[in-house]
Amino acid sequence: MNRAEEETPMEGPANLEPPWTSPGSLGEMDSLKPEKEQWPKNQGRPRKQMKNVAVNQKNDLAMSTSKKRKVDTERRVFNKKWTSKYFFTEMGKKAFCLICKESLAVFKEYNLNRHFETKHASKYDKLSAQEKTKKAEEMVAAMQKEQSFSPKALEVRDGIMRTSYEMAHIIAKKSKPFSEGEFVKECMLKSAAILCPDKKEQFENVRLSRRTIVRRVEDISENLHQQLKSKVNDFSYFALALDDSCDVKGTDQLLIFIRGITENFELTEELALIQSMKDTTTGKDLLEAVDQCVSKLGTDWKKLVSVTTYGSPNLAGKDVGLLKIIQDQVKETDPEQKIILLHCIIHQEVLCKSVLKLSTVVDTVTKVVSYIRARGLNHRQFATLLEGSESEHTDVLHDTSVSWLSLGNILKRVWELRAEIGLFLNMKEDLDFPQLNDAEWLSDFAFAIDVTGYMNDLNSRLQEKGLFAHELHSNIKSFMMKLLLFSRQIGNKDFSHFPTLQQVTVSDQNLKKYVSLLVDLHAEFSCRVEDFQMIEKDLSLVSSPFTFNVDSAPCDLQLELIDLQYDALLAEQFQAVPLPSFYASLNEQKFPKIKTHARKMLVLFGSTYVCEQTRSVMKVNKSNLRSSMSGDHLAAVLRIATTEMTPDFDFLVNAHQRLHSSP
């Protein structure tokens with residue numbers, strides 16, 4: 001039952017019931033008062049009448065000072081006609097609304113009529129008297145049926161409903177087809193028949209049909225979206241990460257992630273929107289989607305700090321790209337607001353590999369692996385050869401896409417199996433690979449293995465979860481320093497950090513080539529991460545405030561920075577707690593500007609890797625076998641699959657029960 005709505009009796013022109021008046025009311029008391037000239041001035045009143053007047057005057061004073069009548073003393077009775085007229089029934093000495101489940105404390109027609117007119121008249125006033133009576137009877141019957149459930153039965157009913165929601169959540173979280181619910185139910189029933197046959201009927205009542213799973217997923221997604229909106233309201237600043245790519249049907253899907261930070265340095269990172277772009281995808285089209293996303297979340301463009309993309313022309317174009325349009329729009333609204341525009345640092349790292357010029361090595365290795373793996377007979381014979389030679393490897397790695405992340409592993413495996421591969425190819429006369437016996441090519445092969453190993457290690461570090469922008473930039477800077485070290489050492493024929501290259505003979509010509517490649521790779525990194533270098537000082541001030549040069553800090557932060565650096569207790573705390581916790585602990589009155597600066601730097605997206613991960617989930621869900629999935633259902637599944645929030649299952653169950661118990 002909803003909380004009772006206690007209303008005091010009200011009077012007015014619309015009062016349909018004459019007020020009940022006690023004998024001691026003011027109206028009657030006035031009629032009992034003696035007129036001013038009822039007795040002569042020179043004649044006293046009788047003692048008995050004087051006593052009655054005193055009592056009446058006392059009652060008159062008491063009634064005039066009371067603010068309201070007590071409901072218990074008015075003896076009101078519920079009129080059964082009100083059920084069909086106003087859709088109310090009597091329950092526990094209160095008037096209970098059959099429509100909205102609210103209750104009124106007073107059996108008074110005016111109050112019931114006012115409740116009906118203000119809340120339900122628009123929907124039910126058009127019904128005829130006969131239709132109202134029939135509808136009211138149906139509502140009373142439904143209410144009585146609901147009340148007939150015992151507390152235990154209600155608990156079982158809610159448990160069955162929650163199980164349905166929980167199973168739908170797992171199906172979406174694991175990117176399984178909606179029809180998997182029927183398979184899950186079959187497994188549940190089989191398990192229940194064995195473990196708890198007395199409760200098998202409860203499991204049979206759990207609804208997990210395809211349509212039910214779809215509805216549950218929609219409800220869960222909406223619940224998560226409402227939770228995100230609530231969190232967004234508390235954001236001091238936020239940043240966006242954008243990525244667009246085509247699904248299996250060729251529809252361009254725009255992914256928008258939001259990361260926000262509150263006054264207490266609580267960080268939230270969630271999928272804000274996935275928008276199917278069924279027409280053009282120009283910068284203006286993308287801006288409409290982003291603007292719609294910001295409006296739906298109820299936040300303000302003034303809180304936007306940064307936008308990170310992977311660098312496609314429609315996103316990062318200098319003239320008509322989305323970033324340029326956003327920057328211009330923000331400047332028109334607030335010329336003082338600065339937006340930090342970043343290119344995904346992981347994507348930049350991948351682009352840098354193009355300067356290594358490893359095509360001669362990669363092409364040959366790819367052909368060798370494809371020759372062995374593409375033909376079933378060759379593959380079986382090669383596996384038998386490895387088994388007979390007692391090799392530690394049982395097969396050669398194969399990746400038809402030859403992505404950079406797996407390329408290093410493929411190169412390393414082929415290098416370790418080069419003797420067995422050479423023996424196998426000698427047994428075959430239909431294809432020859434002379435490069436496997438070429439010293440120059442083997443030297444390039446060894447160099448490629450060592451360099452790609454370091455690059456893949458960097459890539460893995462950049463993909464670690466929960467990294468801030470300054471940590472990503474630090475990884476890049478440290479790798480650039482390593483490249484300078486490698487180039488100097490190789491120039492001096494020192495292969496300490498190139499274990500594979502130590503196993504071959506390296507000519508002077510190749511030494512010069514490798515030094516040149518490493519220098520070029522360093523220069524490419526310097527160019528590619530230029531946008532991070534522009535904010536390097538701002539990032540360093542937040543990540544290393546106690547060693548940062550005060551002269552290099554912005555003028556408005558210098559005095560606060562000095563106070564911070566000379567506080568020994570804060571210096572110890574900085575080493576002991578996570579960065580957001582440290583800045584959250586700073587005194588707001590003493591360090592307001594440093595805290596504001598920290599919020600802006602900690603909220604940045606350093607990469608769009610979270611978008612790339614979501615893109616992989618999208619490919620699993622909308623595959624060739626599930627290509628008919630609608631855009632709304634895809635968005636709901638991706639929200640559930642990527643979120644760190646937990647759905648409010650209690651709210652979902654209660655909302656569902658209210659919906660289906662109401663008319």
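What counts and how
- Residues numbered from 1 in each chain as written.
- Predicted model: local features only at pLDDT ≥ 70, side-chain atom pairs only at ≥ 80, totals over all residues.
- Heavy atoms only, no water.
- Helix = DSSP H or I, 4+ residues; strand = E, 2+ residues; numbered from the N terminus.
- Buried < 20%, exposed > 50% of the residue type's maximum accessible area, 1.4 Å probe, protein only.
- Contact = heavy atoms within 4.5 Å.
- Areas by Shrake-Rupley, 256 points an atom, 1.4 Å probe, with all protein chains shown as cover.
- Patch = residues over 30% accessible without salt bridge, like charges linked within 9 Å, V, L, I, M, F, W, Y side chains within 5 Å.
- Salt bridge = Lys/Arg side-chain N within 4 Å of Asp/Glu carboxyl O.
- Pairing = 2+ DSSP bridges.
- Polar contact = N/O pair within 3.5 Å; in protein donor to acceptor, adjacent residues only side chain to side chain.
- Axes fitted to C-alpha atoms, helices over the stretch in contact; angles between N-to-C directions.
- Phe/Tyr/Trp six-rings, centres within 6.5 Å; stacked < 30°, edge-to-face > 60°.
- Lys NZ or Arg CZ within 6 Å of the ring centre and 35° of its normal.

## A closer look at the overall build of the protein chain
Inference 1: The helix and strand inventory of the protein chain stands at 30 helices and eight strands.
Inference 2: Within the protein chain, buried positions represent 43% of all 663 residues.
Inference 3: Excluding contacts between residues fewer than 6 apart, the proportion of contacts in the protein chain whose partners are at least 24 apart in sequence is 69%.
Inference 4: Surface summary for the protein chain: the accessible area is close to 36,800 Å², and the carbon and sulfur share equals 51%.

## What to know about a nonpolar patch on the surface
Inference 1: Together, L559, I562 and Y566 give the surface a local cluster of nonpolar side chains, amounting to about 380 Å² of exposed area.
Inference 2: Judged by its relative accessible area of 33%, I562 falls in the partly exposed class.

## Some thoughts on the environment of I490
Inference 1: With respect to the element layout, I490 can be found in helix α20 (residues 469–491).
Inference 2: Each C-alpha atom of the pair I490 and V515 lies 6.5 Å from the other, and the pair is 25 residues apart in sequence.
Inference 3: Discounting chain neighbours no more than four positions away, the residues touching I490 are F447, F495, F498, L511, Y514, V515 and L518.

## Some points on the pairing of strand β5 (residues 252–262)
Inference 1: Across the 11 residues that make up β5, a large majority, 11, are buried.
Inference 2: Burial along β5 is two-sided: D252, L254, I256, I258, G260 and T262 facing one way and Q253, L255, F257, R259 and I261 facing the other are all buried.
Inference 3: With 11 bridges joining them, strand β4 (residues 235–246) and β5 adopt antiparallel strand pairing. By the bridge assignment for β5, A239 is matched with R259.
Inference 4: Across 10 bridges, the pairing between β5 and strand β6 (residues 267–277) is antiparallel. The partner of Q253 across the bridge, within β6, is S276.

## As for the pattern of salt bridges
Inference 1: Summed over all chains, the structure comprises 18 salt bridges.
Inference 2: The salt bridge partner of R162 is D650, with a shortest N-O separation of 2.7 Å. Here R162, found in helix α7 (residues 151–173), pairs with D650, found in helix α30 (residues 649–661); they are 488 residues apart in sequence, far enough to count as distant.
Inference 3: D328 is paired through a salt bridge with K324; the nearest N and O atoms lie 2.9 Å apart. Pair noted here: D328 and K324 are both in helix α13 (residues 322–333), with a separation of four residues, about one helical turn.

## Details of unusual backbone geometry
Inference 1: Positive phi is not limited to glycine here, since F87 has a value of about 60°.
Inference 2: One can find F87 in the loop between α3 (81–86) and β1 (88–91).
Inference 3: According to the relative accessible area criterion, F87 is buried, its value standing at 0%.
Inference 4: Positive phi values are uncommon outside glycine, yet K357 reaches one of about 55°.
Inference 5: As for its position among the elements, K357 is in the loop between α14 (345–352) and α15 (359–374).

## Brief notes about the environment of T643
Inference 1: Note that T643 resides in the loop between α29 (631–642) and α30.
Inference 2: T643 gets classed as buried once you look at its relative accessible area, which sits at 6%.
Inference 3: The spatial distance from the C-alpha of T643 to the C-alpha of L228 is 9.9 Å, given a sequence separation of 415 residues.
Inference 4: Those residues in contact with T643 that lie beyond four places of it in its chain are K173, L224 and E270.
Inference 5: At a separation of 2.8 Å, a polar atom in the side chain of T643 contacts the side chain of E270.

## Notes on the sheet that holds strand β7 (residues 304–309)
Inference 1: As summarised here, the arrangement of the five strands in space is β6-β5-β4-β7-β8, forming an open sheet in which the pairing is mixed. Edge positions in the open sheet fall to β6 and β8 (340–343), since each of these has one partner strand only. Neighbouring strand axes in the sheet, compared pairwise and without regard to direction, differ in orientation by 20° on average.

## A few points about the environment of F605
Inference 1: As for its placement among the helices and strands, F605 is situated in the loop between α27 (592–602) and α28 (609–621).
Inference 2: Here F605 falls in the buried class, since its relative accessible area comes to 2%.
Inference 3: Once the C-alpha coordinates of F605 and L467 are considered, the two residues, 138 residues apart in sequence, prove to be 9.1 Å apart.
Inference 4: Not counting residues within four places of it along the chain, the set of residues in contact with F605 comprises A239, L240, A241, F257, I258, R259, E269, T308, L342 and V610.

## Some thoughts on the packing of aromatic side chains
Inference 1: In the structure shown here, the tally under the stated rule is 18 aromatic pairs.
Inference 2: Between F87 and F116, the aromatic rings sit 6.0 Å apart at their centres with planes inclined by 20°, giving stacked as the arrangement. Linking F87 in the loop between α3 and β1 with F116 in helix α4 (residues 109–119), this pair joins segments that are 29 residues apart in sequence.
Inference 3: Joined through ring pairs, the aromatic side chains of F265, F546, F574, F582 and Y583 make up one cluster.
Inference 4: Between R216 and the ring centre of Y165, over which it is positioned, the NZ or CZ distance is 4.9 Å.
Inference 5: Positioned over the ring face of F605 is R259, at 4.8 Å from the centre of the ring.

## Details of the side chain of T262
Inference 1: Of note, T262 is situated in strand β5.
Inference 2: On the basis of relative accessibility, which here comes to 10%, the residue T262 falls in the buried class.
Inference 3: In this view, T262 contacts D234, F235, S236 and R599; residues no more than four positions away in its chain are not counted.

Nothing here speaks to function; it is geometry throughout.
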